[in-house]
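Here is how the chains run, residue by residue.
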Amino acid sequence: MIPLGSCTMKLNAASELMPITFPGFAHMHPFAPLEQAQGYHEMFAQLEKDLCEATGFAAMSLQPNSGAQGEYAGLMVIKAYHEANGDADRKVCLIPSSAHGTNPASAVMAGFEIVVTKCDEMGNIDVEDLKAKAEEHKDRLGALMVTYPSTHGVYEEAIQEITSIIHAHGGQVYMDGANMNAQVGLTNPGNIGADVCHLNLHKTFAIPHGGGGPGMGPIGVAAHLADFLPGSVMLEKAGGSKAINAVSAAPYGSALILMISYAYIKMLGAEGLRHSTEMAIVNANYIKARLSEHYGILYTGKNNTVAHEMILDCRDFKRDAGVEVADIAKRLIDYGFHSPTVSFPVAETLMIEPTESEDKEELDRFCDAMISIRKEIKEIENGHADRENNLLKNAPHTADCIINKDWNYPYSPQEAAYPIEYLKDYKYWVPVRRVDNAFGDRNLICSCPSIESYEMA
Ligand SMILES: *Cc1c(COP(=O)(O)O)cnc(C)c1O
């Protein structure tokens, strides 16, 4: 289980990945003439249609290569729309303080001026503040960028009010679609009043994205924006009639991996997709129910539930036990788990997203690990364990350190390597111990082969 909140690391089934090995798709050049790529274009058309249905939008561009590139493309579309309406001055972009870092970065790239709006103590957008800022900038309001469900893991109840405030003041709504795994088949961006959104196909629609890519971030738009979808100098067919410039060299981005999302959608069908969303939400709420006796859940909705992910509050551990979230992340490796998302969107918290892919056994193992780690933190809090020299600060423990005859930690090798029963059956041995993150970040090493080695080859 890789419970990376906001990143939606779900199962990438072999049957979904298989088509990327088919030579007919894998060996096609992105600029191949239309008549040689008819199969691809049939797949594009169906995928666009299915994604339009999932988002409630009128048109889709399969060009952007990532969520961030989708944000940029979507904002450029909004800008072109305002310009076409003689509103070239609409350049203010409202962004709530809970937004993903790519949102302000994309807005700046697209030439917008950012105005940050507040969140309340429940983690929701402060509607009064939003209203005041929309009012203040009404002559120049271009867009709002909003994530739904929010990056705080809750369905923002006021979302429709929020989108209508923006529209009433002449702006367009960009919805960050990274959290679509909490929507597909149940609701959609069109429903909540968004005008554009990107889909992280490498999150919600099953493209693998460990190690940084490649992803795909198509954008969907409401009918009034369809004409502006990005074009391509290589392929007239791509994009709308008043297309903005291409955002990617290839007219359909990393087209090959679209096969994965296509297979995911076609094999699950409408019912299966909705069921996936439901299970993702149920799984998150199961974890929340088990962990809330042991950890504070930073934000919940009105019914004391979360959406498809949740934030564990770890901020007091630093004061009470000297334990930082990174220590919990490292200790989880000893328990055989990849850490959840660390310190996003709130510092010194963990954001957990189980997705629909994990069964109850795995969810229980994860909860057992988190509960056991909480007990280890308690031992430090009540003075039974040392603040500097403990199971968390020394984690992770390699096989090499466990079998070392000079073992001299104030706990046993068993406590370090087998703190919990299931590890006797499923033990992952980490290859290295803790590295100095800050040192590593500042001392870059190039691991690419030298020019000389090419010469010799
Ligand atoms: C992942 C993510 C993005 C950016 O998507 P990339 O494909 O990584 O560029 C934007 N917003 C949110 C909330 C995300 O989780």
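- Looking at an unreviewed UniProt entry, one finds the protein chain named glycine dehydrogenase (aminomethyl-transferring) and attributed to Lishizhenia tianjinensis.
- Listed in UniProt under the heading Sequence similarities (unreviewed entry), the comment for the protein chain reads: "Belongs to the GcvP family."
- Recorded in UniProt under Catalytic activity (unreviewed entry), the annotation for the protein chain is "N(6)-[(R)-lipoyl]-L-lysyl-[glycine-cleavage complex H protein] + glycine + H(+) = N(6)-[(R)-S(8)-aminomethyldihydrolipoyl]-L-lysyl-[glycine-cleavage complex H protein] + CO2".

1. Concerning the UniProt feature "domain: Glycine dehydrogenase C-terminal" (unreviewed entry) in the protein chain
Now for step 1: In the numbering used here, UniProt assigns the "domain: Glycine dehydrogenase C-terminal" (unreviewed entry) feature to residues 276-397.
Now for step 2: Helix makes up 45% of residues 276-397 and strand 10%. Its end C-alpha atoms lie 36 Å apart.

2. Thoughts on the pairing of strand β11 (residues 349-352)
Now for step 1: A two-sided burial pattern is seen for β11, the buried positions comprising Thr-349 and Met-351 on one face and Leu-350 and Ile-352 on the other.
Now for step 2: Pairing geometry for strand β9 (residues 310-313) and β11, over 4 bridges, is antiparallel. Of the residues in β11, the one forming a bridge with Ile-311 is Met-351.
Now for step 3: Here strand β10 (residues 341-342) pairs with β11 via 2 bridges, running antiparallel. For Val-342, the partnering residue across the bridge sits in β11 and is Leu-350.
Now for step 4: Where β10 hands over to β11, the hairpin turn is made up of 6 residues, of which Ser-343 adopts a positive phi near 55°.

3. Looking at the sheet that holds strand β7 (residues 219-221)
Now for step 1: Read across the open sheet, the 7 strands follow the order β1-β7-β6-β5-β4-β2-β3; overall the sheet is mixed. A strand with exactly one partner marks an edge of an open sheet, and here the two such strands are β1 (59-61) and β3 (113-117). The sheet shows a mean angle of 25° between the axes of neighbouring strands, direction not considered.
Now for step 2: For strand β4 (residues 141-147) and strand β5 (residues 172-176), the ladder comprises 5 bridges, and the chain directions are parallel. If you follow Thr-147 over to β5, its bridge partner there is Asp-176.
Now for step 3: Of the strands in this sheet, β2 (92-96), β3, β4 and β5 touch helix α5 (residues 102-109), which is tilted by about 175° from β2.

Definitions and cut-offs
Residues numbered from 1 in each chain as written. Predicted model: local features only at pLDDT ≥ 70, side-chain atom pairs only at ≥ 80, totals over all residues. Heavy atoms only, no water. UniProt positions renumbered as here; feature names shortened; annotations may be inferred. Helix = DSSP H or I, 4+ residues; strand = E, 2+ residues; numbered from the N terminus. Buried < 20%, exposed > 50% of the residue type's maximum accessible area, 1.4 Å probe, protein only. Pairing = 2+ DSSP bridges. Axes fitted to C-alpha atoms, helices over the stretch in contact; angles between N-to-C directions. Contact = heavy atoms within 4.5 Å.

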